[in-house]
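Residue-level structural notes
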Amino acid sequence: MAKSDKVFSVNKAEDSVGFLLWQATTVWERGVKKTLEPFDLTHSQFVLLASLLWLSSQQENVTQIDLSVHSKIDPMTTSSVVRTLEKKKFVQRKEHSSDTRAKAITLTSNGLALARRAIKVIEKFDKEFFGALNLKLNDFKNALQTLIKEA
């Protein structure tokens, strides 16, 4: 391709914010995957277990839709992952206390114990990984929250 056929708006790949975010996410996800291996959990399974634990402390009944909205995992994937967690006996579906059409999802005692252990190691990993940002960590979190809100 001739140099005059400029396709990219940046001169160097590392000037592309999207590409940098992709690379950082890939490196971070690789670390999360390695950290979760001893727990036999995928990243999505971990996020939904942790989200279920979080939401359960905030509200009486947690539904699949609640999990999907909270985690930003699409509803179909949430459904599939919840089924897997149910087969692994980490969650169970019960009758919703006020909506007869919905099922409440709860952690089993094994799921609760696993979630608590996994959260500790993931939080430690995150602290080490994002520690490189030092004092800029709050600015980074604020920027990510802005991107999520605007999406």
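Residues numbered from 1 in each chain as written. Predicted model: local features only at pLDDT ≥ 70, side-chain atom pairs only at ≥ 80, totals over all residues. Heavy atoms only, no water.

Brief notes about the nonpolar core
In terms of nonpolar packing, the biggest core is built from 26 residues, with Leu41, Phe46, Leu49, Leu67, Leu85 and Val91 touching the most fellow members. Every element with two or more residues in this core is listed here: helix H1 (17–36), helix H2 (43–56), helix H4 (75–87), strand E2 (103–107) and helix H5 (109–130). Residue contacts for Val91: discarding those within four places in its chain leaves Leu49, Leu52, Val82, Leu85, Glu86, Ile105, Thr106, Leu107 and Thr108. (Core = buried A, V, L, I, M, F, W, Y, C linked by side-chain atoms within 4.5 Å. Buried < 20%, exposed > 50% of the residue type's maximum accessible area, 1.4 Å probe, protein only. Helix = DSSP H or I, 4+ residues; strand = E, 2+ residues; numbered from the N terminus. Contact = heavy atoms within 4.5 Å.)

Topic: the layout of surface pockets
Within this model, the largest pocket holds a volume of roughly 1900 Å³. In terms of lining, the largest pocket is formed by 39 residues, of which the most central are Trp28, Asp126, Phe130, Leu144 and Ile148. Every element with two or more residues in the lining of the largest pocket is listed here: H1, H2, helix H3 (64–71), H5 and helix H6 (137–150). Sorting elements by how many residues they give to the lining of the largest pocket places H1 first, with 10 residues. Looking at the lining of the largest pocket, its residues break down into 24 nonpolar, 9 polar and 6 charged. (1 Å grid on protein atoms, 1.4 Å probe; cavity = no way out; pocket = protein on both sides within 12 Å on 5 of 7 lines; lining within 4 Å. Points joined across faces, edges and corners; volume = space filled by probe spheres on them. Nonpolar A, V, L, I, M, F, W, Y, C, P; charged D, E, K, R; others polar.)

A few points about the packing of aromatic side chains
Taken as a whole, this structure holds 4 aromatic pairs when the rule is applied. With centroids separated by 6.3 Å and ring planes inclined at 45°, the aromatic side chains of Trp28 and Phe130 adopt a geometry described as tilted. Placement of the pair is Trp28 in helix H1 and Phe130 in helix H5, with a sequence separation of 102 residues. Judged by centre distance (4.9 Å) and plane angle (85°), the rings of Phe129 and Phe130 are edge-to-face. (Phe/Tyr/Trp six-rings, centres within 6.5 Å; stacked < 30°, edge-to-face > 60°.)

Digging into the environment of Val62
Here Val62 is to be found in the loop between H2 and H3. We classify Val62 as buried; its relative accessible area is 2%. For the pair Val62 and His96, spaced 34 residues apart in sequence, the C-alpha to C-alpha distance is 8.5 Å. Residues within four places of Val62 in sequence aside, it is in contact with Leu52, Leu55, Ser56, Leu67, Lys103, Ala104 and Ile105.

Looking at a nonpolar patch on the surface
Together, Leu21, Leu144, Leu147 and Ile148 line one region of the surface with nonpolar side chains, adding up to about 360 Å² of accessible area. The element best represented in the nonpolar patch is H6, accounting for 3 residues. (Patch = residues over 30% accessible without salt bridge, like charges linked within 9 Å, V, L, I, M, F, W, Y side chains within 5 Å. Areas by Shrake-Rupley, 256 points an atom, 1.4 Å probe, with all protein chains shown as cover. Salt bridge = Lys/Arg side-chain N within 4 Å of Asp/Glu carboxyl O.)

A few points about the pattern of salt bridges
Summed over all chains, the structure comprises 4 salt bridges. Linking Arg93 and Glu86 is a salt bridge whose minimum nitrogen-to-oxygen distance equals 2.9 Å. For Arg93, a relative accessible area of 30% gives the class partly exposed. Given the relative accessible area of 30%, Glu86 is considered partly exposed. One salt bridge connects Lys124 with Glu128, and the closest N-O pair in it is separated by 3.2 Å. Remark: Glu128 and Lys124 occur in helix H5; sequence separation between them is 4 residues, near one turn of the helix. One exposure class covers both Lys124 and Glu128, and it is exposed.

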